[in-house]
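# Tertiary structure, described
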Amino acid sequence: MPDFPTSSPRVDRRFLLRAIGASATLLAGLGGAPLRAQGEPPRVIPPAGTDAPTPFDFDMLTAEMRARATEDPAPVEKPALPLGPLGYDDYRLIGFKPERARWRDAKTPFKLHAFHMGWLFEEPVQLFHLQDGMARPMEFGTQDFEYHGRLGEKAREVAELPGVAGFRLNAPLNRPDREDELVAFLGASYFRALGRDSRYGLSARGVAIDTATSNAEEFPRFTRFWLEPGAEAVTIYAALESETLTGAYRLVVRPGAETEIEVTARLFFRRAPEQLGVAPLTSMYLFSETNRAAFDDYRPAVHDSDGLRIERRDGDVLWRPLSNPPRLASSYFGEESPRGFGLHQRDRAFASYQDSGARYDRRPSLRIEPIGDWGRGAVRLVEIPTDLEANDNIVAFWVPEAQIAAGDEREFAYRMRWGDLPPDPDAEIAYVVETRAGAGGVSGVESEAGTRKFVIDLKGGALDRLTADAQIALRAQAHGGEILSQTLERIEASGQWRAVLDVAAPEGATVELSAHVAGFGRKLSETWLYQWINA
């Protein structure tokens, strides 16, 4: 069973996380490539409820979702649950029987387990097995699940279920003789995956609509899945629906030390969103060395991710440590066709967390690699204040610059990499090992109000080969505040380089900081970025 959290007033993100144990091309009529040849008649997917095998392919799904976008959205149905309402404690008493996994006898390493409906997940999804271009519906009943405690006797009186809430795929990820959980889809368009030796942490979504805008956020949901297992990968097709848009998705999942998911998303807009978020990522950051003093906790740090990494088109790298801000914070990083962006868990030392249960040191990083030319836009980072690690409070996604109108179509393709994703040891630029923060000024002297000290440790690249007297410099800037002092030195005990900034700002100010090491006519490190809110 997945590890479910206790009740919280914030159920939209972190509950979904815990529960689950492209090119920005302008399409037909908009100056870009159409999704199908002009004049080609669309092939239609047979209506739901058909028991016989039926033809299916991605173009058929695309045609259907394009047509659905011209209609009013269908109301979401919540069928009566034969076991009655299931609360949090009830839901924990239900598990899928491993011996009932689909494809158990097939020639594929992948095995499918379903999630039971109930608790927060009362909207059914339909699953289809796709083979040789023919789709067959998957049916599930009480015989597929284990019911413990008081639910055991009640379940014996029920034979049929109105559907399932989602699914997970198992495969030999860590050892060839064991089926490990690989990827799971449950709730809205949320899903998450694991690399080798990973523990579940951050999650992804199909798309984000109006996140942290003047409009209420909308959560599109995957309503149907077609799954085609192979020898080395499984291809998942999914139908996405919401008030604002419909979508046809193809996700090709390849397990490994870095599990790869290649995504193609075709979106059809019923109305114009205030903001479209492409390849959205959701994570949790509570505290670390930057804000440790605000939490009375035996653990040195608690987070699923500790930084946003952006690799720009020219190869320059931005590293933005995450924050748990005193108020809702939002940052935009303007880019043109970036090589990649993602949320990373860079600190892999158990000693940094000291949590033998949560194992935050094993939470995966996730990198998004655009396929094709995404054009101009921005990576947006949203940070939400929280006092509890049960709440997801970090969101990151791509925002295309081009405006979207009702009736528009867009296609995005990208590659996701889930795993440790350590810094490249052969890279020529240094990377940020750790960011610390505390009261500004000189140690042992009462600090001046409105000041803050930031300590940035760097290693790797050419910096590792330089001596303490090397002719290099720290290039730092502060917008919204003033840098009172800055230093750069090599720490003999660790061999790393340390940059220190003392910054002052008026009360309530939002200060945008940046720093990098330069020398010999070039950058020698990532660009460190940080947003300090002097609350």
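Residues numbered from 1 in each chain as written. Predicted model: local features only at pLDDT ≥ 70, side-chain atom pairs only at ≥ 80, totals over all residues. Heavy atoms only, no water.

## Structural notes on the side chain of Arg224
Stated formally: Each helix is a run of H or I in the DSSP string that is no shorter than four residues. Each strand is a run of E no shorter than two, and both are numbered from the N terminus. For every residue, the accessible area obtained with a 1.4 Å probe (protein chains only) is divided by the maximum for its type, and the residue is called buried under 20%, exposed over 50%, and partly exposed between those limits. Any N or O atom pair separated by 3.5 Å or less is treated as a polar contact, with the protein-specific requirement of one donor-capable and one acceptor-capable atom, and with residues adjacent in sequence counted only for side-chain atom pairs. Here a residue-residue contact requires only that any non-hydrogen atoms of the pair lie within 4.5 Å.
Within the element layout of this structure, Arg224 appears in strand S13 (residues 221–229). For Arg224, a relative accessible area of 8% translates into the label buried. At 2.8 Å, the side chain of Arg224 and the side chain of Glu64 are in polar contact. Those residues in contact with Arg224 that lie beyond four places of it in its chain are Glu64, Met65, Arg68, Gln126, Phe128, Tyr237, Ala238, Ala239 and Glu241.

## Here we look at unusual backbone geometry
Of note in the backbone geometry, Asp210 takes a positive phi value of approximately 60° without being a glycine. The topology assignment puts Asp210 in the loop between strand S12 (207–209) and S13. The class of Asp210 is buried, set by a relative accessible area of 1%. Residue Ala279 is not a glycine yet carries a positive backbone phi of 50°. With respect to the helices and strands, the residue Ala279 is situated in strand S17 (residues 276–283).

## Things to note about the confidence of the model for the chain
For clarity, the cut-off: pLDDT is a residue-level measure of predictor confidence that goes from 0 to 100.
Of the residues in the chain, 91% reach a pLDDT of 70 or more, and the chain-wide mean stands at 91. Throughout residues 1–40 the model reports pLDDT below 50, and contacts reaching past four residues in sequence, or to other chains, amount to 126 contacts.

## Concerning the nonpolar core
Using the following cut-off: Nonpolar cores are built from buried Ala, Val, Leu, Ile, Met, Phe, Trp, Tyr and Cys residues. Side-chain atoms within 4.5 Å join them into one set.
Ranked by internal contacts, the top residues of the largest apolar core, which has 86 residues, are Leu127, Phe225, Tyr249, Ile261 and Met416. Among all residues touching Ile261, those that are not within four sequence positions of it are Val183, Phe191, Ala193, Leu251, Val252, Val253, Tyr414, Arg415, Met416 and Trp418.

## Description of the side chain of Arg410
Note on placement: Arg410 falls in strand S27 (residues 409–419). On the basis of relative accessibility, which here comes to 4%, the residue Arg410 falls in the buried class. Side-chain polar atoms of Arg410 contact the backbone oxygen of Gln403, separated by 3.0 Å.

## Some words on the packing of aromatic side chains
Put simply, the rule reads: Between the rings of Phe, Tyr and Trp (Trp by its six-membered ring), a pair exists once the centres lie within 6.5 Å; its type follows the angle of the planes, with under 30 degrees stacked, over 60 edge-to-face, and the other angles tilted.
Inspection of every chain in the model, using the stated rule, returns 28 aromatic pairs. Summarising the aromatic geometry, the rings of Phe191 and Trp418 are spaced 6.4 Å apart at their centres and angled 55° between planes, so their arrangement reads as tilted. With Phe191 in strand S10 (residues 190–193) and Trp418 in strand S27, this residue pair connects regions lying 227 residues apart in the sequence. Considering the side-chain rings of Phe454 and Trp532, the 6.1 Å spacing of their centres and the 65° angle between planes classify their relative orientation as edge-to-face. Of the two residues, Phe454 sits in strand S29 (residues 451–459) while Trp532 sits in strand S35 (residues 527–533), which places them 78 residues apart along the sequence. For the residue pair Phe454 and Trp532, the accessibility class agrees, reading buried in each case. Following the ring pairs from residue to residue traces out a cluster consisting of Phe167, Phe185, Phe191, Phe222, Phe225, Tyr249 and Trp418.

## A short note on helix H2 (residues 58–68)
Along H2, eight of the 11 residues are buried, which leaves the element largely enclosed by surrounding structure. In this fold, the buried residues of H2 make contact with strand S2 (54–55), S13, strand S14 (234–241), strand S15 (245–254), strand S16 (259–269) and S27.

## Observations concerning the sheet that holds strand S32 (residues 497–504)
Test applied: Between any two strands, at least two bridges found by DSSP are needed for them to pair. Helix axes are fitted only over the stretch in contact, all axes being lines through C-alpha atoms; the angle between N-to-C directions runs from 0 to 180 degrees.
Across the sheet, which stays open at both edges, the four strands sit in the order S28-S29-S32-S31 with antiparallel pairing between neighbours. This sheet does not close on itself; its edge strands, each paired only once, are strand S28 (431–439) and strand S31 (482–490). When strand polarity is set aside, the average angle formed by the axes of neighbouring strands in this sheet is 15°. Where S29 meets S32, eight bridges bridge the pair, whose relative direction is antiparallel. Within the sheet, the bridge partner assigned to Val455 lies in S32 and is Val500.

## Some words on the pattern of salt bridges
For the record, the criterion: Any Lys or Arg side-chain nitrogen found within 4 Å of a carboxyl oxygen on Asp or Glu counts as a salt bridge.
All chains considered together, the criterion is met by 47 salt bridges. Taking the shortest distance from any N to any O, the salt bridge between Glu336 and Arg376 comes out at 3.3 Å. Of this pair, Glu336 sits in strand S22 (residues 329–336) while Arg376 sits in strand S25 (residues 376–383), placing them 40 residues apart in sequence. In this structure, a network of salt bridges that share partners links the residues Arg254, Glu260, Glu262, Arg309, Glu311, Arg339, Arg367, Glu369, Arg415 and Arg417.

## Concerning the environment of Val253
Following the sequence through the fold, Val253 ends up in strand S15. Judged by relative accessible area, Val253 falls into the buried class, the value being 0%. Residues contacting Val253, with those up to four places away along its chain left out, are Phe110, Leu182, Glu232, Ala233, Val234, Ile236, Thr259, Glu260 and Ile261.

## Observations regarding the pairing of S16
Across the 11 residues of S16, 10 count as buried, placing the element largely inside the fold. Taken together, S15 and the strand that follows it, S16, pair antiparallel across an intervening segment of four residues. Across 10 bridges, the pairing between S16 and S27 is antiparallel. Pairing of Phe268 across the sheet is with Glu409, part of S27.

## Focus on the environment of Arg339
Within the fold, Arg339 resides in the loop between S22 and strand S23 (340–344). Owing to a relative accessible area of 42%, Arg339 belongs among the partly exposed residues under this scheme. Between the C-alpha atoms of Arg339 and Gly315, which are 24 residues apart in sequence, the distance is 7.6 Å. Discounting residues that sit within four places of it in the chain, Arg339 has contacts with Glu311, Arg312, Arg313, Asp314, Gly315, Arg367, Ile368, Glu369 and Pro370. Within the structure, Arg339 has its side chain in polar contact with the backbone oxygen of Arg313 (distance 3.2 Å).

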